[in-house]
Amino acid sequence: MRIEDYALVGDMHTAALVGRDGSVDWLCLPRFDSGACFAALLDGPRAGRWLLAPAGRETCTGRRYRGDTLVLETTWDSPDGCVRVVDFMPARGEAPDLVRVVEGVRGRVEMRTELTLRFDYGRVVPWLRHEGGRLAVVAGPDAAWLQCPVPLCPDKEAHRTTAAFTVSAGDRVPFVLTWRESWLPRPERTDAEESLTATERMWTRWLSGCRYDGEYGEAVRRSLLTLKALTYAPTGGLVAAPTTSLPERPGGTRNWDYRYSWLRDATFTLQALMHAGYDDEATAWRDWLLRAVAGEPADLQTMYTLDGGRRIPEWNPDWLAGYEGAQPVRIGNAASAQFQLDVYGEIMDCLELARDAGLRPDDDAWDLQLVLMDYLEGAWRKPDNGLWETRGPRRDFVHSKILAWVAADRMISAVENHGREGPAHRWRALREEIHRDVCARGYDPGRNTFTQYYGSTGLDAALLLIPRLGFLPLDDPRVAGTVDAVRRELSRDGFVHRYRSGTGDVDGLPGDEGAFLACSFWLADALALLGRREEARELFDRLLAVRNDVGLLSEEYDAAHHRQLGNFPQAYSHVSVVNTAVALAGDNRTRRARGHPGRS
Ligand SMILES: OC[C@H]1O[C@H](O[C@H]2O[C@H](CO)[C@@H](O)[C@H](O)[C@H]2O)[C@H](O)[C@@H](O)[C@@H]1O
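This is a predicted model, so every value here is computed, not measured.

Time to look at helix α11 (residues 477-490). Spanning 14 residues, α11 covers 20 Å between terminal C-alpha atoms, matching the ideal 20 Å at 1.5 Å per step. Measuring from the side-chain oxygen of the N-cap residue of α11 to the backbone nitrogen of Arg478 gives 2.8 Å; that N-cap residue is Asp476.

Over its 13 residues, helix α12 (residues 517-529) extends 19 Å from the first C-alpha to the last, a length consistent with the 18 Å expected when each residue adds 1.5 Å. Summarising burial for α12: 13 of the 13 residues are buried, a large majority. Directly beyond the C-terminal end of α12, a positive phi value near 85° is found at Gly531.

Next up on the list: the packing of aromatic side chains. Under the definition given, this model contains 23 aromatic pairs. A centroid spacing of 5.8 Å and a plane angle of 80° characterise the contact between Phe516 and Tyr572, whose relative ring orientation is edge-to-face. With a gap of 56 residues between them, Phe516 in strand β24 (residues 515-516) and Tyr572 in helix α14 (residues 571-584) connect regions that are remote in the sequence. Taken as a pair, Phe516 and Tyr572 share a single burial class, namely buried. One aromatic cluster in this structure is built from Phe268, Trp388, Phe516, Trp522 and Tyr572. Sitting over the face of the ring of Tyr232, Arg31 holds its NZ or CZ atom 5.4 Å from the ring centroid. Between the NZ or CZ atom of Lys382 and the centre of the ring of Phe339, over which it lies, the distance is 6.0 Å.

Moving on: the sheet that holds β24. The three strands are arranged β24-β25-β26 in an open sheet whose pairing can be described as antiparallel. Two strands bound the open sheet, and with one partner strand each, they are β24 and β26 (563-565). Across three bridges, the pairing between strand β25 (residues 556-558) and β26 is antiparallel. The partner of Glu556 across the bridge, within β26, is Leu565.

Below, the discussion takes up the UniProt feature "domain: Trehalase-like N-terminal" (unreviewed entry) in the protein chain. Per the UniProt record, "domain: Trehalase-like N-terminal" (unreviewed entry) is annotated on residues 2-180. With 2% helix and 57% strand, residues 2-180 has its two end C-alpha atoms placed 31 Å apart.

Judged by nonpolar contacts, the single largest core of 204 residues is most densely connected at Phe38, Val102, Phe175, Leu224, Leu263, Phe450 and Trp522. In terms of residues, this core owes the most to one element, helix α8 (residues 398-418), which gives 12 residues. Beyond its immediate sequence surroundings of up to four residues, Trp522 is in contact with Phe268, Leu387, Trp388, Ala461, Ala462, Leu464, Leu465, Arg468 and Ser576. Val101, Val176, Ala192 and Leu196 belong to the second largest nonpolar core, which has eight residues in total.

All right, on to the side chain of Gln369 then. Relative to the assigned elements, Gln369 resides in helix α7 (residues 363-379). Among the polar contacts listed, one links the side chain of Gln369 to the side chain of Arg355, at a separation of 2.6 Å. With residues up to four places along the chain from it excluded, the contact list for Gln369 reads Met348, Leu351, Arg355 and Met411.

With six of seven residues buried, strand β7 (residues 72-78) is to be regarded as a mostly interior element. Here four bridges tie strand β6 (residues 62-65) to β7, and the two strands are oriented antiparallel to one another. Across the sheet, Gly62 pairs through a bridge with Thr75, a residue of β7. Connecting the antiparallel pair β6 and β7 is a turn made up of six residues, with Gly67 showing a positive phi of about 50°. Inspection of the sheet shows β7 paired to strand β8 (residues 81-88) by seven bridges, in the antiparallel sense. Looking at the pairing, Glu73 lines up with Val86 of β8. The hairpin formed by β7 and β8 contains two residues between the paired strands.

Right, let's get into the site of the ligand. Neighbouring the ligand are 17 residues, the closest being Arg264, Asp265, Asn333, Leu387 and Arg498. The side chain of Asp265 places a nitrogen or oxygen atom 2.5 Å from an oxygen atom of the ligand. In the environment of the ligand, an oxygen atom lies 2.9 Å from a nitrogen or oxygen atom belonging to the backbone of Glu389. In the complex, 100% of the free accessible area of the ligand, which totals 480 Å², lies under the protein chains. Looking at the shell around the ligand residue by residue, the class counts come to eight nonpolar, two polar and seven charged.

Criteria and cut-off values
Residues numbered from 1 in each chain as written. Predicted model: local features only at pLDDT ≥ 70, side-chain atom pairs only at ≥ 80, totals over all residues. Heavy atoms only, no water. Helix = DSSP H or I, 4+ residues; strand = E, 2+ residues; numbered from the N terminus. Expected span 1.5 Å × (residues − 1). Polar contact = N/O pair within 3.5 Å; in protein donor to acceptor, adjacent residues only side chain to side chain. Buried < 20%, exposed > 50% of the residue type's maximum accessible area, 1.4 Å probe, protein only. Phe/Tyr/Trp six-rings, centres within 6.5 Å; stacked < 30°, edge-to-face > 60°. Lys NZ or Arg CZ within 6 Å of the ring centre and 35° of its normal. Pairing = 2+ DSSP bridges. UniProt positions renumbered as here; feature names shortened; annotations may be inferred. Core = buried A, V, L, I, M, F, W, Y, C linked by side-chain atoms within 4.5 Å. Contact = heavy atoms within 4.5 Å. Near = heavy atom within 4 Å. Areas by Shrake-Rupley, 256 points an atom, 1.4 Å probe, with all protein chains shown as cover. Nonpolar A, V, L, I, M, F, W, Y, C, P; charged D, E, K, R; others polar.

The following block contains the structure:
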């Protein structure tokens, strides 16, 4: 399957990817960052999957989400008959369920299911046995239970279970797979039909809180649902994506694990949710943040586990061949130990936006900001790994320095506009100093553009955020100059790349990568802010057209081969759909450049 052939179902603890062939090829249980029990995505069927489809048929003829929900309907229509599989994960009760209901629509259709469970990312082959009218699949700490009304055929040699059955118009055949720790009693039975009604109601109700009513409603709603699905409900943490190691280039080595909560990605997500009216999610994330980053500001990490844990060692499950052979597969993420200066600014920006939005005040949040700001005052001159998490030498990235400016600016705003107490005079001096430094060392007057890092002539798509961050007034010629330069030098086939990769001199990595979708949306945002709305709209429409048939986007795009690349679906990309739609509706709260100190 191509990446865009997958759709997402989830229960806000974890998520599954369902292919157009009716196979669930990715599912980690019990939570997003647990071992996968279906890892076919990264190694084919032997690493675990659950196929449920008409016998002998490859891909479906159509699929969609039911209304504003995460309930997926996959349909196979042929002259002989029509059948639908409805996939969803009910809200988490005592144990996670994946429910699949086969609906006969017309005629008679021969169906086939094949359940291959492999715990620990395809490594552990479990025992199969029948117990209490259910199939029990057990190995080590994991157990899964399948309840269904059709007779199952265990294939002892292949360690999998199959079944063949016929569905006629009006039939409904429910399958429920439930995971539980192996030492606990078997879980209660789940009523598939009741769960379906409750799940539809839950998503529809959640989305009814959406305040966006612009012309891109369908795209915004699907992106919001996707972002909500990437939230880990017990803690308010957010995964950047529910997958690992979907390559940024076909067959390449740029394969990363995104099943963690990045402060950067989470702040972007929260901004999008707040723009759409979801203040409860913002509050939950702020509480998560306060717990996760407690301690020494110098120990601030770029990412945490979903419950705020700090240890995310990177390792390679070398038994997995990788998506279409892309090696290595990575679990964990070494970027967790990097120094990324921009994160401080993103936190301050998000917390200040929360104040502007009237979120319940929290004194602990301000205390945290004071401590972080103290640290930043002494640290902003340090070179860092940047928002792209480069694995080459640390640099003085211009975007990072601008985010240090943002941090000071938002602290000043909190004092001036929200009555917070702090040394605003000192921060004003700092803000001025950073501004001068960036304009002197990170700007190329010959080309009228800011550059990627001090001393380089290269560009960086992160500079497209300058208009939104308010670093310079929108009518400053350096703003439009930078936007145009980035567009000229980093666009390929109409999509924006993060920077020039391939030589390894910036990021220390071999090989090229696709266009970075969030950056392409940032270009649309920048154009909209500069008043070039037609150009912005044309680009936005082109980007929306890249979404798959159920409205999902991965991290990157290969415009030459019309394929999505990288982890899927990615929060960054879906945040961008919301933000650009809001920007085009002319209602972007981030447009307000705060307390700008003037030009230097
Ligand atoms: O390309 C190198 C880096 O790629 C990943 O980082 C990217 O994804 C992050 C999560 O969405 C995002 O915060 C970051 O801005 C992106 O560059 C990967 O996680 C890194 O380990 C890798 O070095």
